[in-house]
Amino acid sequence: MPTAVQPTSTSEAGWRRAAVTLAVLALAGCATATGPGAAAPAPAAQGATAPTPAAAPANAAGGPAGGAPGARPEAGAPRPFADVAKDATRSEGFVPLWRKDEKVWLELGPEQFDRPMLVSVNITQSVGERGLYGSQMGPRWLAEFRRIGNQVQLVARQTGFRADGDPAMGHTVSRSFSDSLIGSAAVASAPHPERKSVLVDAAFLLGDMAGYSTRLEMAFRLPFAPDRANSYFDRARAEPGLTTLTGRVHYAVPRIAAPPLMAPGAPVPPRPPLPSTLPDARSLFVSFVYSFRELPEQAMRPRQADARVGYFMETFVDLSNDLSPTTRVHHIKRWRLEKQDPAAALSEPVRPITFWLDRGIPQRYRQTVQEGILLWNQAFERIGFKNAIVVRQQADDADFDTMDAGHASVRWFTGADVGFAIGPSHSDPRTGEILDADIGMSDVFGRGARRMVREDGEFNRSASSSAPASFTQAPWQQALAALGGGGQGHADHAYCTYAADAADDTSFALDLLAARGDLDPDSPEAEALVHAYIRDTIAHEVGHTLGLRHNFRASTTVTQAQLRDTAFGNTRGISGSVMDYNPFNLPLAGEPRGVPVMTTLGAYDYWAIEYAYKPLAAEGEAQALRAIAERSRRDPALAFADDADAGFDGPGALGLDPRVNRFDAGDDPMAYATRRMQLTRELWQRTQERGVQPGDDALRLRRSVLQGLRQAQRVPPIVAKYVGGMYIERDVQGTGLQAFTPVEPALQREALQWLSREVFSVDSFRFRPEFLASLTPDYVEWNRVGPLDVPQLVAGLQGAALDQLLAPGTARRVLELPLYLKDDQRRGAITLAEVYGSVQAAVWSELKSGRSIDPLRRSLQREHLRRVQTMLTRPSAALPADALSLARWQAGELQRELRTALARPGWALQDRAHLQDALASLTEALRASMQRTG
């Protein structure tokens, strides 16, 4: 077992001096230490040349500076190797380690300098909130040790620009782009007499190499900095091809500022959140696993990417040939898989892809997790590999951490606000060969699926907020979105919320089935459904670690009828791919129940694995790959579209193609949306009919309302995408296939009508008064006491639909649709005036009908009016001028309708006050708009 290494003491004054420079030095990935043998100060900016300490050069000949103990070294020279290593224990490995008490040294021989290797820093333990969790992959670099006089630098090589095919341009590239310094230290010893190696104090790693202080500042807006004096190595391990050290880095802030003094009655400015999981918000530890991994001696032959098949890529600019039409090169990321017997139709691999189940996975899930991993062997068998993937269980007393660079793993983690899974990997930048992967599964993945149906007393945080948590991006999602993603120096993250979203989806399904009386929450059948969902989620995340991106068009390759066909679902799946976000396949009341979740790989999964992993001879590989990819043109089951096609969070950012969505099912997304709204209303109806029963959990009814709202909030963006939508086909040039085709005008108009009927209507969200009165709050949690604010929750859902319909991107696409239509097709095309007019008529229909205005409708009208005011007074720079003109014209029409309606008698006082306020606000916005444009 490795010996734990404790912190080296440092004077208080020295710590204070070091703290002053930590923020600047963190950019270079290392902090200043004090005392003999400490790391040399890093430059203030990445890529700058570090100063060389004024010290005598090491004696390469092994004379007195490097020789026998007791020899007097030259003035200023490093101590003899034997003196520094006295009483220390050596561990042989890729980078040999020496350990003595609290000290750890790296032994670097001449063969280890200027030798590229893969350096990674993974996070094994963290804060547990706001994106800062344990069991997460961190940055990785193609790096090398360089010796500059008496200093050793760990330098990350620039890999984004290359000219490997032209030596002259290679020199130009090396002068044009910079490497980055990620760590440095003074040489701690003279060279070893025989090996000529030197010792370097490993404490230089205990700075901010991973850039974690930036993550902490993003989360809490506090300048947390690494405190070297109280940081230490927990363990260290060396073996052939791999050296790992686990360090516990202490981050601290000297003080937390008090809130500003405010005059009585003055508004209190917003204050950044403080860490809520720490005993003392000023201090925290983060455990990092530092890995130095030897690169494959023989680089894997890279495989070119194809836009029709979704893989993560190693992308770089190749400046070798200035005659090439494009300089960007894309290699797909994949594991090296070679047959033991190349001539055999089915052969074991030379080295299988091995996933380790971390010892932290609960026993009850391990078999299910293994099944989800091994599901992918079905695809590898079709291309000639037997047991391409194997699973091993980490022993409870194992001396390695599965977060090191030598063990691909599946790990459990938890946090105060966590709800996601992630499947990142580290690859060889030269070729795209995946060398390591660590799937992190939050415990919501198992516990969350039972939360609603088992009523275990846990309550979703959204109950205390103005909208369900999934209505907006959670803090951990914001952090991952900002910090995840591929690129130099980062893990190749698959930003993935499938586990959390599928947990909500499964909870909704189990809750509805229980309400129907079709499922006993405590039955083996319910437990089997939970395990089926876990198996599906694991298969999805393993797909990411095999290199696959999301495929959000796969669900449309299965018809609505096939979703209800059990035989089809068991053999072909309920979607074309496990890489889609596939919702729980729920029947309407009275319909036969199909297969609930994906239990097998889809057609796309088999095809994608073939493209990346099928053994191909080098001389015919390009032609063979082209033939595989071109099958997608003939087989609709191989359709592919990824995250960029589906769009991202934010108004107008939900993509172009209405067939590409997260969490839809079947070949007709609008039909799916209709069914999902029917199921949501069924849950609410059955919940209201059942009411409160003796022995019920106090929050059962409240959770059912929120659970239905979470389902309902996914639906409007799917339908709104039809308006101004374009069908997109991925194909290469020259095939004659049209890349962009406008959505049929009839479907666009149907989408507008659907939103008016299903989202803007009061009937979709009507609850019995006595039911709302029975929604007991949580009296234990003082900040959650109060009635459920249904109008505000519904307004948030409706506002999201308005944002999409009134977004600048939607306006631009609708205005540009005629450019894609022939003259005879333009006459029936939908116009932006029609879109704006339809939305306004639906929202303000009471102005013409004279009906009383329900409170939910008043909320909707205020949401619409706020957006109109913003368009008139603070229009987005992306809003086309024609759209602004139409918005102003529609606002004038609404102003006239409000005046006409107010002239009629019979309005209730609340309605009249609402209409008068709306008229005043709109008139003010129009006046401001006229002044601004004038």
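Residues numbered from 1 in each chain as written. Predicted model: local features only at pLDDT ≥ 70, side-chain atom pairs only at ≥ 80, totals over all residues. Heavy atoms only, no water.

Before going further, it helps to examine the overall build of the protein. Scanning the protein from N- to C-terminus turns up 28 helices and 22 strands. Put simply, the protein has 934 residues, and 56% of those count as buried. Long-range contacts, defined as pairs at least 24 residues apart, comprise 75% of the intrachain contacts of the protein with a sequence gap of at least 6. Total accessible area on the protein is roughly 38700 Å²; 52% of this is exposed by carbon and sulfur atoms. (Helix = DSSP H or I, 4+ residues; strand = E, 2+ residues; numbered from the N terminus. Buried < 20%, exposed > 50% of the residue type's maximum accessible area, 1.4 Å probe, protein only. Contact = heavy atoms within 4.5 Å. Areas by Shrake-Rupley, 256 points an atom, 1.4 Å probe, with all protein chains shown as cover.)

A few words on the sheet that holds strand β11 (residues 242-252). The strand order across the open sheet built from 7 strands is β8-β6-β5-β4-β12-β11-β10, with neighbouring strands paired in antiparallel fashion. Edge positions in the open sheet fall to β8 (180-186) and β10 (225-239), since each of these has one partner strand only. Averaged over all adjacent pairs, the angle separating strand axes in this sheet is 30°, with direction ignored. Where strand β4 (residues 117-125) and strand β12 (residues 283-294) come together, 8 bridges link them in antiparallel fashion. Considered in β12, the bridge of N122 is made with V289. (Pairing = 2+ DSSP bridges. Axes fitted to C-alpha atoms, helices over the stretch in contact; angles between N-to-C directions.)

Residues I373, W376, F380, L546, I609 and Y613 are the most contacted members of the largest nonpolar core, which totals 88 residues. Excluding its chain neighbours within four sequence positions, the residues that come into contact with W376 are I389, A539, V542, G543, L546, L548, V578, M579, L601, D605 and I609. Grouped together as the second largest cluster of nonpolar side chains are 72 residues, M670, A673, F760 and V868 included. (Core = buried A, V, L, I, M, F, W, Y, C linked by side-chain atoms within 4.5 Å.)

Applying the stated criterion across every chain yields a total of 19 aromatic pairs. Taking the centre distance of 5.0 Å and the plane angle of 85° together, the rings of F552 and Y581 count as edge-to-face. Of the two residues, F552 sits in the loop between α10 (524-545) and α11 (560-563) while Y581 sits in the loop between α12 (566-572) and α13 (603-613), which places them 29 residues apart along the sequence. A relative accessible area of 0% places F552 in the buried class. Centroid distance W684 to F767: 5.0 Å. Interplanar angle 65°. Geometry classified as edge-to-face. Residue W684 is located in helix α17 (residues 669-690), and its partner F767 is located in the loop between α19 (745-758) and α20 (769-773); the two are separated by 83 residues in the primary sequence. (Phe/Tyr/Trp six-rings, centres within 6.5 Å; stacked < 30°, edge-to-face > 60°.)

Tallied over the entire structure, the rule returns 49 salt bridges. Between R411 and D358 there is a salt bridge; the shortest N-O distance is 3.2 Å. With a gap of 53 residues between them, R411 in strand β17 (residues 408-413) and D358 in the loop between β15 (353-357) and α5 (363-374) connect regions that are remote in the sequence. The exposure class of R411 is buried, given its relative accessible area of 7%. (Salt bridge = Lys/Arg side-chain N within 4 Å of Asp/Glu carboxyl O.)

In this section: the sheet that holds strand β14 (residues 328-332). As a general point, the strands of a sheet are linked pairwise by backbone hydrogen bonds and lie either parallel or antiparallel. Spatially, β7-β13-β14 is the arrangement adopted by the 3 strands of the open sheet, whose pairing is mixed. The outermost strands of the open sheet, each flanked by one partner alone, are β7 (161-162) and β14. In this structure, strand β13 (residues 313-318) lies alongside β14, joined through 5 bridges in antiparallel fashion. From the neighbouring strand, F316 faces β14, where its bridge partner is V329.

Moving on to the side chain of R334. Within the secondary structure, R334 sits in the loop between β14 and β15. Polar side-chain contacts of R334 include one of 3.0 Å to the backbone oxygen of A612. (Polar contact = N/O pair within 3.5 Å; in protein donor to acceptor, adjacent residues only side chain to side chain.)

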